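Chain by chain, the residues:
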Amino acid sequence: MNDIAPRGFKWVGTRPIRPDGVPKVTGRAMYGADFATTGTLYGKVIRSPHAHARIRSIDTSKAEALPGVKAVVTAKDFPDHKFEYIGPERVAQNFWHITRNVMAREKALYEGHAVAAVAAISKSVAEEAAALVDIDYEVLPHVIDVDEAMEPDAPLLFEDQITRGIEPVPTKPSNVSKRVEFKIGDADAGFAEADEIVEKEFKTAAVHQAYIEPHACVARFDHDGQAEIWASSQGHFVIRALTAKLLGMPVGDIRVTPAEIGGGFGGKTIVYLEPVATLLAKKSGQPVKIVMSRDEVFKASGPTSGSSMRVKIGVKKDGTITAAEGEFKFQAGAFPGSPVMNACLCAFAPYNTPNQHTVGYDVVCNRPKSAAYRAPGSPISAFAVESVLDILAKKIGMDPLQLRLKNAARPGTSMIFGPKLAHGGYAETLEALVNHPAYKTPLGPNQGRGVASGYWFNGGGESSASVQVNEDGTVIIATGSPDIGGSRASMALMAAETLGIDYNQIRSIVADTSSVGYTHVTGGSRVTFATGMAVVEASKKVVDELRGRAAMIWDVDVDGVIWEDGHAKPASSNVGDFQPMSFKEIAAKKALTGGPITAAASVNAGGMAPGFSTQFCDVEVDPETGKVTILRFVAAQDVGTAIHPSYVEGQIQGGVAQGIGWALNEEYIYDRQGRLDNAGFLDYRVPVASDMPMIEPILVEVPNPAHPYGAKGVGEVNIVPPMAAIANAIDSAIHRRLTELPMSPPRVRAALDHTGADD
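Residues numbered from 1 in each chain as written. Predicted model: local features only at pLDDT ≥ 70, side-chain atom pairs only at ≥ 80, totals over all residues. Heavy atoms only, no water.

A word on the overall build of the chain
Scanning the chain from terminus to terminus reveals 19 helices and 26 strands. Taking 2.2 N^0.38 as the reference for a compact globule, 759 residues should give roughly 27 Å; the C-alpha atoms of the chain span a radius of gyration of 27 Å, in line with that estimate. Along the longest, intermediate and shortest principal axes, the C-alpha atoms of the chain span 85 × 75 × 50 Å. Here the chain holds 759 residues, and 60% of them are scored as buried. Of all intrachain contacts in the chain linking residues separated by at least 6 positions in sequence, the fraction that spans at least 24 positions is 79%. As displayed, the chain offers around 28400 Å² of accessible surface, 51% of which is attributable to carbon and sulfur atoms. (Helix = DSSP H or I, 4+ residues; strand = E, 2+ residues; numbered from the N terminus. Rg over C-alpha atoms; globule rule 2.2 N^0.38 Å. Buried < 20%, exposed > 50% of the residue type's maximum accessible area, 1.4 Å probe, protein only. Contact = heavy atoms within 4.5 Å. Areas by Shrake-Rupley, 256 points an atom, 1.4 Å probe, with all protein chains shown as cover.)

Below you can see the structure in the form of structure tokens.
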């Protein structure tokens, strides 16, 4: 597509009111738990109370005999699936695992693992029936910590699991599902050139996305074999595909309508309830609604991984990075699939480092299966890498931003995963902070400033959109992307810019799976880029149709008609002396000039540009209690072109807020029986308003030439730097290096009590 300037648009870059704002603030918006149809039953999932247990038997007879119970299902009601990994290695799926996560078969692998489900005429009857399901468990030893899970004598979740990615192939099973390795250059030679080398170990706790809305769905199964699902999700096409696969149904027999979504952050890109509700609906002959409790959300839906890491970096005295090495061990939870490969690929990505070596281990343990959480994997490895860089900057007496700027990856830099970096943007985020007036302001006692950077790939892929022109000149845009970050407004802005009409003439909607073409999940920071491309392509087709209609009315060749500022105009005086025709005028004549004016477009978008973010924060540490207070947070991010700047700023502020929680308070805490001790917002400590500083977003606009308006994904990279930035600020304040998350008051207090060396 064309090279473009970051400015000069009429609508792109403006800040209109969000289209979904009024129904949400008035309570009219429909979320997953709001849907119900006549005769809806209540579903209840029976979950394992044990961290690891063999399922000897399940007796559902008492539950089935209870008046008001209409259906009971267990794993035997689901078809089994072949053990095979499908798709690219970074996002490979294994349906043998997925079907066992939806409903346990041979063993329950974590507390909260679904074992059976009932559907009844009321919530109370469903709960009574659930208590009557008799499950005979053989409790087995469990393992929670990733390092302990890798020990040779650790309890095995899968007695036949042989680690993939190791040559020669191991003969002994283990909890290590996969080993991955990446390298460029010669790390040993690079370290030999270094004047200073720092090697350090780090650990991070598992944290949940902590969306406000629990998982919820309603499913209906008709006598003709057609099913319909209403669900809160980041991707209703993926719900359709996974439910069809898990139940052995044709994809075309399932229609999924997206509800509004009360937060997801990656955690609602997979299925938990939908196949269960659909099977209960099929068995009972009535619609079934299932809504998770908050306790179930924490115990049975995916947090991101906890980790154990080792990072080693060498630099010359002038700050040149000569070599970098990382070892990353990630908890996958009960089934393989942690984002450890992402961690390996993103760890050193912001830097032009000729010699790199990363190794990752995907390790199963008796926790809920990990799920995506905003730039999955990258924030974890960045905590380690950016902490080590801060130690090195202090050792050589160099400003931490200048150290990063000296080594910044730029277009042409070799990346550890193969291709050279094709897009700029990182150095610009550093320069924005170097020149920020607050960066040099003096600090008081027990205060410190910390810097960190981050990288995320950003996604493209499959998206579809349609554009319908109404006779009054209004337009309806339909896409298949659930709106979790303002995409309705962004789509309408790009359509308004392309069509040349007023933004307020456009209604932007999210259509169900039967009403628009296939669209991949709202995740990977792909929607404004990829679905935006589909909207622009469909809008261009409408423009061509409008030119054709004007040519028909004027009785001229279509090549003689141009489209400018929402009007058809003669291309030159040679075409004829015609008054420009507005969009609205042509729309009013559509019935007389050929009928409806509609267009659809589908893309498999490539050319996406990665996201870069650099942040600094100021903290104050209370030496008596260990409490860390964030005084200031400034976050610079390359956003390509900010299609709707307010939404972009909101994404940055949201990512930083979640990063602050991850850094200071959030963690999964298990007891000795492998049971989660803090499955609720009373005990799982997320930040509240009083914990937050004013978060200042800086929009660095380096447009992506592969997108018609220069868009880059903005939703994820903002969560990558905060944990390291805060750790670096704490070190500057108290001269103690914290290497374990969360950096809660007891840990800070313990570090203050420790009299050993700083770094």
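What about helix α14 (residues 487-499)?
With 13 residues, α14 should cover 18 Å at 1.5 Å per step; its first-to-last C-alpha distance of 18 Å lies within 8% of that length. Among the 13 residues of α14, 13 are classified as buried, and the element is accordingly described as predominantly covered. Two residues or fewer after α14 comes Gly500, characterised by a positive phi angle close to 80°. (Expected span 1.5 Å × (residues − 1).)

Quick notes on helix α18 (residues 722-734)
An ideal rise of 1.5 Å per residue puts 18 Å on 13 residues; α18 measures up with 18 Å between its terminal C-alpha atoms. Among the 13 residues of α18, 12 are classified as buried, and the element is accordingly described as predominantly covered. Those residues of α18 not exposed but buried are Pro722, Met723, Ala724, Ala725, Ile726, Ala727, Asn728, Ala729, Ile730, Asp731, Ala733 and Ile734. Following α18 by one or two positions, His735 has its phi on the positive side, about 55°.

With respect to the sheet that holds strand β23 (residues 597-605)
If you walk across this open sheet you meet the 4 strands as β19-β18-β17-β23, and the pairing is mixed. Sheet topology places β19 (506-510) and β23 at the edges, where each strand pairs with a single neighbour. Geometrically, the sheet is characterised by an average inter-axis angle of 15° between neighbouring strands, direction not taken into account. As judged from the 5 bridges shared by strand β18 (residues 475-479) and β19, these two strands associate in the parallel manner. Following the sheet pairing, Ala478 is matched in β19 by Ile509. Packed onto the sheet, α14 meets β18 and β19 and runs at close to 140° relative to β19. (Pairing = 2+ DSSP bridges. Axes fitted to C-alpha atoms, helices over the stretch in contact; angles between N-to-C directions.)

A few points about the packing of helix α7 (residues 236-247) against helix α8 (residues 274-284)
In contact at an axis separation of 9 Å, α7 and α8 are set at 55° when each is read in the N-to-C sense. By the angle between their directions, the pair α7 and α8 is classed as oblique. For the pair α7 and α8, the sense of crossing is right-handed. The segment α7 lies against α8, with Ile239, Thr243, Leu246 and Leu247 engaging Glu274, Pro275, Thr278 and Leu279. Looking at the contact of α7 with α8 residue by residue, the classes come out as 5 nonpolar, 2 polar and 1 charged. (Parallel < 35°, antiparallel > 145°, perpendicular 65-115°, else oblique. Left-handed = near helix turned anticlockwise from the far one by under 90°. Nonpolar A, V, L, I, M, F, W, Y, C, P; charged D, E, K, R; others polar.)

Quick word on the sheet that holds strand β8 (residues 196-204)
If you trace the 5 strands from one edge of the open sheet to the other, you get β7-β15-β14-β13-β8, paired in mixed fashion. Two strands bound the open sheet, and with one partner strand each, they are β7 (176-184) and β8. Between one strand and the next, the sheet's axes are offset by a mean angle of 10°, whatever the strand orientation. Strand contacts of helix α11 (residues 378-396): β8, β13 (307-315) and β14 (321-333), with the helix running at about 145° to β8, the strand carrying the most contacts.

What about the state of the cysteines?
Inspection of every chain in the model, using the stated rule, returns 0 disulfides. Not part of a disulfide, Cys365 finds its nearest cysteine sulfur in Cys344, a span of 17 Å. (Disulfide = S-S within 2.5 Å.)

So, the environment of Glu545
Mapped onto the secondary structure, Glu545 falls in helix α15 (residues 527-554). Only 2.7 Å separates the side chain of Glu545 from the side chain of Arg549, close enough to count as a polar contact. (Polar contact = N/O pair within 3.5 Å; in protein donor to acceptor, adjacent residues only side chain to side chain.)

Observations regarding the side chain of Ser305
In this fold, Ser305 is placed in the loop between α9 (294-300) and β13. On the basis of relative accessibility, which here comes to 1%, the residue Ser305 falls in the buried class. A distance of 2.5 Å separates a polar side-chain atom of Ser305 from the backbone oxygen of Gln331. Excluding residues within four positions of it along the chain, Ser305 makes contact with Thr204, Ala205, Ala206, Phe330, Gln331, Ser338, Pro339, Ser370 and Ile380.

With respect to unusual backbone geometry
With an omega of -5°, the peptide bond between Glu167 and Pro168 qualifies as cis. Here Pro168 lies in the loop between α5 (146-149) and β7. The omega torsion across Leu741 and Pro742 is 0°, close enough to zero to call that bond cis. Positionally, Pro742 belongs in the loop between α18 and α19 (745-753). Of note, the phi angle at Phe265 is positive, near 55°, even though the residue is not glycine. Of note, Phe265 is situated in the loop between β11 (254-258) and α8. With a relative accessible area of 30%, Phe265 lands in the partly exposed category.

Quick notes on the packing of aromatic side chains
With the rule as written, the count across this model stands at 24 aromatic pairs. On the basis of an interplanar angle of 45° and a centroid distance of 4.9 Å, the ring pair of Phe298 and Tyr684 is categorised as tilted. Residue Phe298 is found in helix α9, and its partner Tyr684 is found in the loop between α17 (645-664) and β26 (695-700); the two are separated by 386 residues along the sequence. The buried category is assigned to Tyr684, whose relative accessible area is 0%. Judged by centre distance (5.3 Å) and plane angle (10°), the ring pair of Tyr373 and Trp662 falls under stacked. In this pair, Tyr373 sits in the loop between β15 (356-364) and α11 while Trp662 sits in helix α17, placing the two residues 289 residues apart along the sequence. Relative accessible area serves as the criterion here: at 1%, Tyr373 is assigned to the buried category. A relative accessible area of 2% means that Trp662 is categorised as buried. Ring pairs connect the aromatic residues Tyr351, Phe417, Tyr426, Tyr455, Trp456, Phe457 and Phe612, which therefore count as one cluster. The residue whose ring lies beneath Arg100 is Trp96, and the NZ or CZ to ring-centre distance is 3.7 Å. (Phe/Tyr/Trp six-rings, centres within 6.5 Å; stacked < 30°, edge-to-face > 60°. Lys NZ or Arg CZ within 6 Å of the ring centre and 35° of its normal.)

Quick notes on the pattern of salt bridges
Under the criterion given, the structure shown has 52 salt bridges. Arg220 is paired through a salt bridge with Asp222; the nearest N and O atoms lie 3.4 Å apart. Through salt bridges that share partners, Arg18, Asp20, Lys24, Glu260, Asp483 and Arg488 make up one connected network. (Salt bridge = Lys/Arg side-chain N within 4 Å of Asp/Glu carboxyl O.)

Observations regarding the side chain of Arg526
Examined against the element boundaries, Arg526 turns out to sit in the loop between β19 and α15. Comment: no salt bridge for buried Arg526; closest opposite-charge side chain is Glu462, at 7.5 Å. One polar contact links the side chain of Arg526 to the main-chain carbonyl oxygen of His520, over a distance of 3.2 Å. Polar contacts involving the side chain of Arg526 include one to the main-chain carbonyl oxygen of Val521, which spans 3.0 Å. (Lys, Arg positive; Asp, Glu negative; His and termini not counted.)

Points about the pairing of strand β17 (residues 461-469)
Most of β17 is tucked away, with 7 of its 9 residues classed as buried. Examined bridge by bridge, β17 and β18 share 5 bridges and lie antiparallel to one another. Residue pairing in the sheet places Ser466 in a bridge with Ala478 of β18. Between β17 and β18, which pair antiparallel one after the other, the connecting turn spans 5 residues, and Gly473 there sits at a positive phi close to 90°.

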